[in-house]
Amino acid sequence: MAKLILSMDNLQLKDIALNKERTTIGRKPHNDIQIDNLAISGEHAVVITILNDSFLEDIGSTNGTFVNGQAVKKHFLQNGDTIELGKYRLKYVNDAPPPSAAPDFERTMILRPGQVVRPAEGVSDEPKPTPTPVQAPVAPPPPPPPSTAQAPVGAIKVLTGGNAGKELELTKSLTTLGKPGVQVAVIARRPLGYFITHVEGATFPIVNGVSLDAQPRKLIDHDIVELAGTKMEFFVKS
């Protein structure tokens, strides 16, 4: 499980496990990680964790959020990254290996017409006789767990505003929607479907007339989402 290690002046203060989908950082007591220092805004930043991935977002802090010395607004966290908040440091630790074929980073080998893959030198390309089996047949391996690449693709259609009628396919693992500084939400694509989570803003997004809370909500076909003054329809593409 991923975690953050809080330290100040090279003195380690505590470890915080990222076992929630939304972990808030700030000076006020209601934050998951409270840092009582005037350099830290009341609600400074948030870490969104989806499965083995986490990303950091500054939520309008006064003094900014830095990762490895660079100011960031949004940042995909990688093992060893250091979040800098004034004199405090939060080191991101995640020993989970990266997925071998994440849906957002697929690689494809293309053979052009007429291209032939030749055998290595000294190796004949003639078919070889099949050897006689000497062992009992082995049971086939269990089927792989469901993948987001196999799940139906969802999409968002804008219903109001200047972009009315436009559609956005939700093919990425994480899609951020909204207006920074006003209201922002993230839609996560999981094997079990699509989930929307509030990220930024004093008010929460509305789904089918009901306001969300801090917990993720699964989206159902034809749900109506109201976010940053815009209505959108979630639907599953056939």
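Looking at the environment of threonine 197
As for its placement among the helices and strands, threonine 197 is situated in strand E16 (residues 193-200). Taking the C-alpha atoms as reference points, threonine 197 and glutamine 215, separated by 18 residues in sequence, lie 6.5 Å from one another. Look past the residues within four positions of threonine 197 in its chain and what remains in contact with it is Glu21, Arg22, Ala185, Val186, Ala214 and Pro216. At a separation of 3.3 Å, a polar atom in the side chain of threonine 197 contacts the side chain of glutamate 21.

Thoughts on the pairing of strand E6 (residues 53-58)
A large share of E6 lies buried, amounting to five of its six residues. The antiparallel hairpin formed by strand E5 (residues 45-50) and E6 contains two residues in its connecting segment, where leucine 51 sits at a positive phi of about 55 degrees. Bridging between E6 and strand E9 (residues 74-76) involves three bridges; their strand directions are antiparallel. Counted as the bridge partner of glutamate 57 is lysine 74 from E9.

As for the nonpolar core
Leu4, Ile35, Leu56, Ile83 and Leu90 are the most contacted members of the largest nonpolar core, which totals 20 residues. Listing elements by their share of this core, those giving two or more residues are strand E1 (3-8), E5, strand E10 (82-85) and strand E11 (88-93). Sort the elements by how many residues they give to this core and E11 lands first, with three residues. Setting aside its immediate chain neighbours within four residues, leucine 56 contacts Ala45, Val46, Val47, Thr65, Val67, Val72, Lys73, Lys74, His75, Leu77 and Ile83.

Comments concerning the layout of surface pockets
As a volume, the second largest pocket reaches approximately 410 Å³. Lining the second largest pocket are 20 residues, and of these Arg22, Thr24, Glu43, His198 and Phe204 sit closest to its centre. Listed by contribution, the elements that provide at least two residues to the lining of the second largest pocket are strand E3 (22-26) and E16. Here the lining of the second largest pocket gets three residues from one element, more than from any other, and that element is E16. Broken down by class, the residue content of the lining of the second largest pocket amounts to six nonpolar, eight polar and six charged.

Parameters at a glance
Residue numbers restart at each chain and count upward from 1, following the sequence in its written direction. Given that the model is predicted, a residue must reach a pLDDT of at least 70 before its local features are reported, and side-chain atom pairs must reach 80 or more before they are shown or counted; all residues, however, enter totals for whole chains, interfaces and linings. To obtain the side-chain values, all non-hydrogen atoms of the structure were used and water was disregarded. Secondary structure elements follow DSSP: runs of H or I no shorter than four residues count as helices, runs of E no shorter than two count as strands, and numbering proceeds from the N terminus. Any two residues whose heavy atoms approach within 4.5 Å at even a single point are treated as in contact. Pairs of N or O atoms within 3.5 Å make up the polar contacts considered here, provided that, within protein, one atom can donate a hydrogen while the other can accept it, and that residues adjacent in sequence are counted only when both atoms are side-chain atoms. Residue exposure (1.4 Å probe, protein chains only): buried if accessible area is under 20% of the type maximum, exposed if over 50%, otherwise partly exposed. Strand pairing is assigned whenever DSSP identifies at least 2 bridges connecting the two strands. Among buried residues, the Ala, Val, Leu, Ile, Met, Phe, Trp, Tyr and Cys ones that are joined through side-chain atoms within 4.5 Å form a nonpolar core. Cavities and pockets were defined on a 1 Å grid built from protein atoms only: a cavity is a group of points that admits a 1.4 Å probe but offers it no way out, a pocket is an open group of points flanked by protein on both sides within 12 Å along at least five of seven lines, and a lining residue is one with an atom within 4 Å of any such point. Grid points are joined across faces, edges and corners, and a volume is the space filled by probe spheres set on the points. Polarity classes work like this: nonpolar for Ala, Val, Leu, Ile, Met, Phe, Trp, Tyr, Cys and Pro, charged for Asp, Glu, Lys and Arg, and polar for all others, with Gly in that last group.

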